[in-house]
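# Overview (structure and organization)
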Amino acid sequence: MSTALHLDPGTGLTIVHAAELREQWLAGLNSAHSDVVLSLKQVQEFDSSGVQLLLALARTVQADGHTLTLVAPSKTVRDVFELFQLDTLLALVAQVAPH
């Protein structure tokens, strides 16, 4: 069983950060080939570019046969999920259970 790749976008999931985050995440995915845990606890800015980035990450991870877990969403993340009804596509969890 492989160890999950842990990613953290920092404080912003916006158009300003999207290209850089995408490159970082793809590099991590290409080297890890594992499930992905994305911590969203620090996110304070989240726009439609960030939504697109999350959806693309989810598609990429799932296409590789792995799982994406979105962990510890900030209030900003929860608000955007509600606005865009993302909970029908992606699940948020409070924390990852230790193994």
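Residues numbered from 1 in each chain as written. Predicted model: local features only at pLDDT ≥ 70, side-chain atom pairs only at ≥ 80, totals over all residues. Heavy atoms only, no water.

This part takes up the confidence of the model for the protein. Caution applies to low-pLDDT parts of the model: their predicted coordinates are not meant to be read in detail. With 95% of its residues at a pLDDT of at least 70, the protein reaches an overall mean of 92. Helix H1 (residues 15-32) is the least confidently modelled element of the protein, averaging 93 in pLDDT, while strand S4 (residues 45-46) averages 97, the highest of any element. (pLDDT = per-residue confidence, 0-100. Helix = DSSP H or I, 4+ residues; strand = E, 2+ residues; numbered from the N terminus.)

Before going further, it helps to spend a moment on the nonpolar core. By size, the foremost hydrophobic cluster in this structure holds 24 residues, and its most contacted members are Leu13, Trp25, Leu38, Phe46 and Leu54. At the level of elements, strand S1 (5-7), H1, strand S3 (36-39), helix H2 (48-63), strand S5 (68-71) and helix H3 (75-84) are the ones that each hand at least two residues to this core. (Core = buried A, V, L, I, M, F, W, Y, C linked by side-chain atoms within 4.5 Å. Buried < 20%, exposed > 50% of the residue type's maximum accessible area, 1.4 Å probe, protein only.)

Attention shifts here to the sheet that holds S5. With respect to topology, four strands assemble into an open sheet ordered S1-S3-S5-S6, the strand pairing being parallel. The two strands at the open ends of the sheet, each matched to only one other strand, are S1 and strand S6 (92-93). Inspection of the sheet shows S3 paired to S5 by four bridges, in the parallel sense. Residue pairing across strands places Val36 opposite Leu68, the latter belonging to S5. Strands in contact with H1 are S1 and S3; relative to S1, the strand with the most contacts, it is inclined by about 170°. (Pairing = 2+ DSSP bridges. Contact = heavy atoms within 4.5 Å. Axes fitted to C-alpha atoms, helices over the stretch in contact; angles between N-to-C directions.)

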